[in-house]
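Residue-level structural notes
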Amino acid sequence: MAQKQSILGRISQLTKANINALLDKAEDPQKMLDQMVRDYTNSIAEAEQAVAQTIGNLRLAEADHAEDVAAAKEWGAKAIAASNKADQLRAGGHAGEADRFDQLAKLALGKQITAETEAKAAAPMIAQQSEVVEKLKTGLVGMRTKLTELNSKRDELVARHRSAEAQAQVNDAIKSIDILDPTSELSRYEDRVRRVEAQVRGQQELTSSSLDAQFAELEADAGQLEIEARLAELKGLGQGTPTPEENA
């Protein structure tokens, strides 16, 4: 009986456990939930064995009680039959035989009383065991419900933890590529691109200036050539035209 009370106490304690309160106190809620799931699973397995044994003992006691009740009824019937037979024999003038059947009736009544006494003594214990078994069954249902709640809490916590980790990674990634940060890699790369672009524009401008100078030089050469041509023309004209002295 003490063992049954101990089992019932453990089941009651487990089913009344406040999971949220335990989680608030835990340094690592996920590990604590994993341990609680293992403990509950093991406790349920142990409780199931203990409850099964208790139910088995109850069923044996009920069977013994039923046998005692049936035996009391059977011995009572035998006592009546023996007593009736004694009365018939005595009425027929067979006193000796009648006494023998009366003795059989007394023996049967003794057996009936013994069976009734055992059945009466077992009845309260059976009733008490039946009550305990019902409480144990209810407790097991509560433990299984609590285990389902534990598993759900654990799955929820793991999902939230993974989501938080993923969000933290996203936040870190966003910080690492913050284009408003002048010290970021992207900003430095943009500065490099701008310097290259400026250098290209400078080279283009320089090339353009060089072309202008070349064309200016060509224009100067063309003007000099024209001067030389005109000078040659003048000289040619001078050779073919008589001087004023020659005309006189």
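Residues numbered from 1 in each chain as written. Predicted model: local features only at pLDDT ≥ 70, side-chain atom pairs only at ≥ 80, totals over all residues. Heavy atoms only, no water.

As a further point, take the overall build of the protein chain. Looking only at helices and strands, one finds six helices and zero strands in the protein chain. Secondary structure elements of the protein chain, listed N to C terminal, follow the sequence α-α-α-α-α-α. Buried residues in the protein chain amount to 21% of all 248 residues. The long-range share in the protein chain, meaning contacts at least 24 apart out of those at least 6 apart in sequence, stands at 78%. Entry remark: accessible area of the protein chain is about 18,100 Å², with carbon and sulfur atoms responsible for 56%. (Helix = DSSP H or I, 4+ residues; strand = E, 2+ residues; numbered from the N terminus. Buried < 20%, exposed > 50% of the residue type's maximum accessible area, 1.4 Å probe, protein only. Contact = heavy atoms within 4.5 Å. Areas by Shrake-Rupley, 256 points an atom, 1.4 Å probe, with all protein chains shown as cover.)

This paragraph deals with the environment of A47. Checked against the element boundaries, A47 lands in helix 3 (residues 29-91). Residues A47 and K137, 90 residues apart in the sequence, show an inter-C-alpha distance of 9.6 Å.

Another aspect to go through is a nonpolar patch on the surface. A cluster of nonpolar residues, L231, L234 and L237, forms a patch on the protein surface that exposes about 300 Å² of accessible area. For L237, the location among the structural elements is in helix 5 (residues 185-240). (Patch = residues over 30% accessible without salt bridge, like charges linked within 9 Å, V, L, I, M, F, W, Y side chains within 5 Å. Salt bridge = Lys/Arg side-chain N within 4 Å of Asp/Glu carboxyl O.)

Under the criterion given, the structure shown has zero aromatic pairs. Geometry around W75 places K78 over its ring, the cationic atom sitting 4.4 Å from the centre. In this structure, R100 is placed above the aromatic ring of F101, and the distance from its NZ or CZ to the ring centre is 4.8 Å. (Phe/Tyr/Trp six-rings, centres within 6.5 Å; stacked < 30°, edge-to-face > 60°. Lys NZ or Arg CZ within 6 Å of the ring centre and 35° of its normal.)

Quick look at the environment of R38 now. By the secondary structure assignment, R38 is in helix 3. Overall, the relative accessible area of 45% leaves R38 in the partly exposed class. Measuring from C-alpha to C-alpha, the distance between R38 and L147 comes to 9.5 Å, with 109 residues separating the pair along the chain.

Attention shifts here to the pattern of salt bridges. A full pass over the atoms with the stated rule returns eight salt bridges. Here D99 and R90 are joined by a salt bridge, their closest N and O atoms 2.8 Å apart. By relative accessible area, which is 41% here, D99 ends up partly exposed. Residue E131 pairs with K135 through a salt bridge whose shortest N-O separation is 3.6 Å. One end of the pair, E131, and the other, K135, are both in helix 4 (residues 95-176), four residues apart, so they sit about a helical turn from each other. Accessibility expressed as a relative area gives 43% for K135, which makes it partly exposed. Within the structure, one salt-bridge network assembled from shared partners comprises R90, D99 and D102.

Quick look at the confidence of the model for the protein chain now. When pLDDT is averaged across the protein chain, the result is 78; 72% of the residues are at 70 or more. Ranking the elements of the protein chain by mean pLDDT puts helix 6 (residues 244-247) last with 51 and helix 3 first with 89. (pLDDT = per-residue confidence, 0-100.)

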